[in-house]
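If you want the building blocks of each chain, they are given just below.
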Amino acid sequence: MSDNGRRVNNIILPPTITVRDLAQAIQSSPIDIIKSLMANGVMANINQQIDFDTAAIVAAEMGYEAALETPERAEEETGEIPMWRRAIAVEDPKDLVVRSPVVTILGHVDHGKTTLLDAIRHANVAEGEAGGITQHIGAYQVELKGRTITFLDTPGHAAFTAMRARGAQGADIVVLVVAADDGVMPQTREAIAHAKAARVPIIVALNKIDKPNADRDRVKQQLAEVGLVPDDWDGDTIVVPISAKRRIGIEDLLEAILLIADNMDIQANPKGKVIGTVIEAERDRAKGVLATLLIQNGTLKVGDVVVAGMAHGRLRAMFDHRGRKLHKAGPSSPVSVMGLNDVPQAGDIFQVVETEKVAREVIGERQAAKGSKTSVVRSAVTLEQLFDRFQAGEIRELRLIVKADVQGSLEPIVSSLNDFNKGDIKVNILHAETGNIGENDVMLAAASKAIVIGFNVQPDSAARRLAEAEGVSIRIYDIIYRLTEDVEKALKGMLEPEEKVTIIGHADVRAVFHISKVGNIAGCRVIDGEIRRNARMRVLRNGLPVHEGSISSLKHLQEDVREVRAGFECGIGLKGFDNIQVGDRLECYVVEKVSVA
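This structure is a prediction, so every number in the text was calculated from the model and none was measured.

Chemist: Explain the overall build of the protein chain to me, please; I cannot follow it from the model alone.
Modeler: Assigned secondary structure in the protein chain consists of 16 helices and 33 strands. Here the protein chain, with 597 residues, has 49% of them falling under the buried criterion. Long-range pairs, those at least 24 residues apart, make up 72% of the contacts in the protein chain between residues at least 6 apart in sequence. Summing over all exposed atoms, the protein chain offers an accessible surface of approximately 28,700 Å²; the carbon and sulfur share of this is 48%.

Below, the structure is given as C-alpha cells:
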C-alpha cells in the first residue's frame, strides 16, 4: 500500500521500452502516458523508446512500482520476456498456485509424433468413452494420478518457433520423439536447436523399441553427441523407451513429464489478469470464428471481452477439448471459444479487457502503430547494429545459426567462433549444420534474434522471402578468416564502443523562404567543408545551439542533391524545426561508432 492507501502494483520493465509497450504493461492509455511524459518535460510519440528511469516515474504516477529487468531474467527468454510471463511476474506471490505443465511434441517426420499423440490421448479415455472426443481443437489435457498435463497438438518445430517469434512461449516442456531404429536425423537436430533456443527442458521419447532393428545404445550415443546426454549415462536428459503403436511406456513418459514439472517453477494466479496464447483459429460458416486459446494466467469466463492480436469480441460460448460446454476455465486449460469478430493468428497473445469500447481502443492503437512499427520490426538486425542492442540492454550474447557446405568446413568455423567466448558477451551458436539455408533456419533466427551465417552455401528463395519479411540478417562468406574477422569486429564493437563526432562543414543562413506544405527553408552559403544530406545539423544562434536534428531536404539550384561544398549556395530544410532565422550558422556533423582495438 502507498501512503494514501492506494495499492501499489509491482512491475518489471526492461532498460528501454516504447510508450506503447509501457501503456500495455501498466494497463493504461498511450495518451495518458504521453501526457505524463509531457508534464515531466519529455516529448515522445507512441513508438518512441524511453529509458527505465523515465518509465519508472510515469509508472509510479499511475500506481506501479517498477523494478529493472536484470540481464539474467532477460536471457531466460532469449532476450525477450513473453507478455504472459510479465503478467505472472507482477502477481502477488501469495496468490500463485502450481499449474499444469504444457507440453509440445517435436521430432523428425515419420518418427511417430502423431501416433504418440493419439496413444496419449486415447490412453486417458475411459472404456466406452471414446466417443467423448468430438472435436480436434489443437490442444488437449490428460490426467495421471489426479494431476493434469496439457498437450499442444502443433505440426512441428516450425510452428513451435513461429509462436516464439510472435512473442508467445506456449510450451513448458518439449517431448522429442526419436525412432530407435532410425536415430537422430536432420529434423531431429533442428528440433533440438529450436527447443534449446527456447530454453525449454527436453524429454526424449525413444520410440519404436519393439522393432527388431531398434538400437537403443546407438541412438543414445547420437543424442549425447548433440548435447542430450541420457540420465542413465550420468547426463541430465530423461530418455523414456516407448512404443506408441503398441502403447508401451506411455505412462512412464507421463510420469517423466510430471517429474520435470515438479522441478520447475510453473505457477499462475487463477484470480489474476487473464492472459494466454492463441493456438489456432478458423472461420466456420455456421459458427463464425472459432479460436483455440491456451489460458496461462487468470480464469477465462463466458461473457468476457477478449482482445487477441487484431481481433476482439465478447465470448458467447466456450468448450473444452472434448467439446463439453464450459462457463469458465483456469490456467493451463485449452479451450475453444466463439465470439471473436475476426480470425487471430496462431501465437497471438490474448487478454481480457473491461469493455468492448476498451477493446476497440486497443485495436485502434495497434492499427495506428502497425505502419510505423513495421519499418522498425522488419529491418534486419545486422552485425553492425549489435552494439546498439547491447547498449540498450537487449542482448548479452551474439546468437548465430551457422550453415556450411561440408562438415570439413563447419567444424573449424564452429571451433573458431567458440574461441571468442572469453569476454562479457558470449557467442551462442544455436544451430550448426551442413546444407543450404532454409526456412527453418530463418524462423529460428527470427524467434531468437539471431544472425544466419553461411559458408559456401546460399539461402533458397523461400528462406530469402521469409528473411526479408521477418527482418533476419543473412551473411554469406567464401573465406573462413573473413567470417571470423567480421564476428570478432562485431564483438569488439559491442565490448568497447566509442562515438566519434566529426564536424564536416558550416553554412550561414542568408535568407529564409516559406513554402506551403513544407515550411521554412534556409537559403545558405557553405563557408567551409561540405553539407551532406544524410548528416546531422546543429543550429547556432549568437554562438549558442538552439536545435540539433536531421536534414529533411538539401537543394542546389532547385535540384535535390546529396552534398554541397564550400563556396556554393543551397537550400536546407531541417526536420522538426521551423524557427530558422537569417544570421544563424548551421554546423553539419556526422556521428561514427568506432571499435577500439
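Still more ground to cover, so stick around.
Chemist: Explain the sheet that holds strand E24 (residues 451–455) to me, please; I cannot follow it from the model alone.
Modeler: The strand order across the open sheet built from four strands is E23-E22-E24-E25, with neighbouring strands paired in parallel fashion. Looking at which strands have only one partner, the edges of the open sheet turn out to be strand E23 (426–434) and strand E25 (474–477). Going from strand to strand, the sheet's axes swing by 25 degrees on average, the running direction of each strand aside. When strand E22 (residues 397–404) meets E24, the two strands line up parallel, connected through five bridges. The residue bridging Ile401 from the neighbouring strand is Val452, located in E24. Against the sheet, helix H13 (residues 407–418) touches E22, E23 and E24, its axis set at about 175 degrees to E23.

Chemist: Is there a simple way to think about the sheet that holds strand E7 (residues 139–144) in this case?
Modeler: Strand pairing in a sheet relies on backbone hydrogen bonds. The paired strands run either parallel or antiparallel. On the basis of which strands lie adjacent, the open sheet formed by six strands has the order E7-E8-E6-E9-E10-E11 and mixed pairing. Each edge of the open sheet carries a strand with a single partner, namely E7 and strand E11 (239–241). Taking the axes of each pair of neighbouring strands and ignoring which way they run, one obtains an average angle of 30 degrees across the sheet. Across six bridges, the pairing between E7 and strand E8 (residues 147–152) is antiparallel. Paired with Ala139 across the two strands is Leu152, which belongs to E8. Lying on the sheet, helix H8 (residues 186–197) is in contact with strand E6 (102–107), strand E9 (173–179) and strand E10 (202–207); it crosses E9 at an angle near 170 degrees.

Chemist: When you look at the pattern of salt bridges in this model, what are you seeing that I'm missing?
Modeler: Pairing between side chains of opposite charge can happen when their charged atoms approach one another. Per the stated rule, a full pass over the model turns up 21 salt bridges. One salt bridge in this structure joins Arg565 and Glu530, with 3.8 Å as the shortest N-O distance. Linking Arg565 in strand E31 (residues 563–565) with Glu530 in strand E27 (residues 519–532), this pair joins segments that are 35 residues apart in sequence. Each of Glu530, Arg532, Glu563 and Arg565 takes part in a single network of salt bridges with overlapping partners.

Chemist: Is there a simple way to explain the layout of surface pockets in this structure?
Modeler: The rolling of a water-molecule-sized probe over the atoms marks out the regions of remaining empty space. Its boundaries defined by the atoms lining it, the second largest pocket holds a volume of some 570 Å³. For the second largest pocket, the lining is made up of 19 residues, of which Val414, Ile429, Leu430, His431 and Ala432 are closest to its centre. Listing elements by their share of the lining of the second largest pocket, those giving two or more residues are H8, H13 and E23. When residues of the lining of the second largest pocket are assigned to their parent elements, the largest contribution, six residues, is made by E23. When its residues are assigned to classes, the lining of the second largest pocket shows nine nonpolar, five polar and five charged.

Chemist: Can you walk me through the side chain of His506 in this structure?
Modeler: Positionally, His506 belongs in strand E26 (residues 497–515). Accessibility expressed as a relative area gives 15% for His506, which makes it buried. Reaching out from His506, the side chain makes a polar contact with the side chain of Glu587 at a distance of 2.9 Å. Each residue touching His506, except ones within four places of it in the same chain, is listed here: Arg525, Val526, Ile527, Asp528, Ile531, Arg585, Leu586 and Glu587.

Chemist: What am I meant to see in the environment of Arg247 here?
Modeler: Mapping Arg247 onto the fold places it in the loop between E11 and helix H10 (250–262). On the accessibility criterion, Arg247 (47% relative accessible area) is partly exposed. Considering only alpha carbons, one finds Arg247 and Thr115, 132 residues apart in sequence, at a separation of 9.5 Å. Each residue touching Arg247, except ones within four places of it in the same chain, is listed here: Ala119 and His122.

Chemist: Looking at this structure, I do not really get helix H9 (residues 216–225). What am I missing?
Modeler: For an α-helix, the turn length of 3.6 residues means that residues three or four places apart are oriented alike. Listing the buried residues of H9 in full gives Val219, Lys220, Gln222 and Leu223. On an axial view of H9, the arc spanned by its buried residues comes to 160 degrees, and they lie on one face. Away from its buried face by more than 90 degrees, H9 exposes Asp217 and Glu225. The secondary structure elements touched by the buried residues of H9 are E9, E10 and E11. Once H9 finishes, Gly227 follows within two positions and takes phi at roughly 95 degrees, a positive value.

Chemist: Teacher, can you tell me more about the pairing of E22 here?
Modeler: Across the eight residues that make up E22, a large majority, eight, are buried. On E22, burial covers both faces: Glu397, Arg399, Ile401 and Lys403 on one face and Leu398, Leu400, Val402 and Ala404 on the other are all buried. Relative to E23, E22 is paired through eight bridges, and the arrangement is parallel. Residue Glu397 lies in a different strand from E23, and its bridge partner there is Lys426.

Chemist: So what exactly am I meant to see when it comes to the packing of helix H14 (residues 439–448) against helix H15 (residues 461–470) here?
Modeler: What describes two packed helices is the angle between their axes and the distance between those same axes. In the contact formed by H14 and H15, the axes pass within 8 Å of each other and the chain directions differ by 15 degrees. Here H14 is positioned roughly parallel relative to H15, judged by the angle of their axes. As H14 runs across H15, the sense of the crossing is right-handed. Across from Glu439, Val442, Met443 and Ala446 in H14, the residues of H15 making contact are Ala462, Ala463, Leu466, Ala467 and Glu470. Looking at side-chain class alone, the contact of H14 with H15 contains seven nonpolar, no polar and two charged residues.

Chemist: It is not clear to me how the nonpolar core should be interpreted in this structure. Could you clarify?
Modeler: The tendency in soluble globular proteins is for nonpolar side chains to be buried as a group. Ranked by size, the top nonpolar core spans 29 residues in total, and within it Leu116, Ile120, Phe151, Ile203, Leu253 and Ile257 carry the most contacts. Among the elements of the structure, E6, helix H6 (113–123), E7, E8, E9, E10 and H10 are those that each provide at least two residues to this core. Examining the composition of this core, we find that eight residues originate from one element, H10, more than from any other. Setting aside chain neighbours within four positions, we find Phe151 in contact with Val103, Ile105, Ile120, Gly138, Ala139, Tyr140, Val142, Leu254 and Ile257. Counting residues in hydrophobic clusters, the runner-up holds 21 residues, among them Ala535, Val539, Ile551 and Leu554.

Thresholds, definitions, all that
Numbering of residues starts from 1 in each chain and follows the order in which that chain's sequence is written. The predicted origin of the model limits local features to residues at a pLDDT of at least 70 and limits the giving and counting of side-chain atom pairs to 80 or more, whereas totals for whole chains, interfaces and linings rest on all residues. Only hydrogens and water are removed before side-chain values are computed, so all heavy atoms of the structure are retained for them. Secondary structure elements are taken from DSSP: a helix is a run of H or I of four residues or more, a strand is a run of E of two residues or more, and numbering for both begins at the N terminus. Note on classification: 1.4 Å probe, protein chains only; a residue is buried when its accessible area is under 20% of the maximum for its type, exposed when over 50%, partly exposed between these limits. We call two residues in contact whenever any of their non-hydrogen atoms come within 4.5 Å of each other. Accessible surface area values rest on a Shrake-Rupley calculation with a 1.4 Å probe, where residue burial reflects the displayed protein chains alone. Strands pair, by our definition, only if DSSP identifies at least two bridges between them. Axis lines are fitted to C-alpha atoms, over the contacting stretch for helices. Their N-to-C directions set the angle, which ranges from 0 to 180 degrees. A carboxyl oxygen of Asp or Glu within 4 Å of a side-chain nitrogen of Lys or Arg is what we treat as a salt bridge. Grid points spaced at 1 Å over the protein atoms alone were grouped into cavities, where a 1.4 Å probe fits but cannot get out, and pockets, open sets with protein on both sides within 12 Å along at least five of seven lines, with lining residues defined by an atom within 4 Å of a point. Grid points are joined across faces, edges and corners, and a volume is the space filled by probe spheres set on the points. Note on residue classes: Ala, Val, Leu, Ile, Met, Phe, Trp, Tyr, Cys and Pro are nonpolar, Asp, Glu, Lys and Arg are charged, and everything else, Gly too, is polar. Two N or O atoms count as a polar contact when they lie within 3.5 Å, although within protein this holds only if one can serve as hydrogen donor and the other as acceptor, and sequence-adjacent residues are included solely when both atoms are side-chain atoms. Regarding the arc, it is the one traced by the directions from the helix axis to the C-beta atoms. Should an angle fall under 35 degrees it is called roughly parallel, over 145 degrees roughly antiparallel, and 65 to 115 degrees roughly perpendicular, with every other angle called oblique. Note: crossing handedness is left-handed where the near helix turns anticlockwise from the far helix by less than a right angle, and right-handed where it turns clockwise. Residues grouped as a nonpolar core are buried Ala, Val, Leu, Ile, Met, Phe, Trp, Tyr and Cys residues, joined through side-chain atoms within 4.5 Å.

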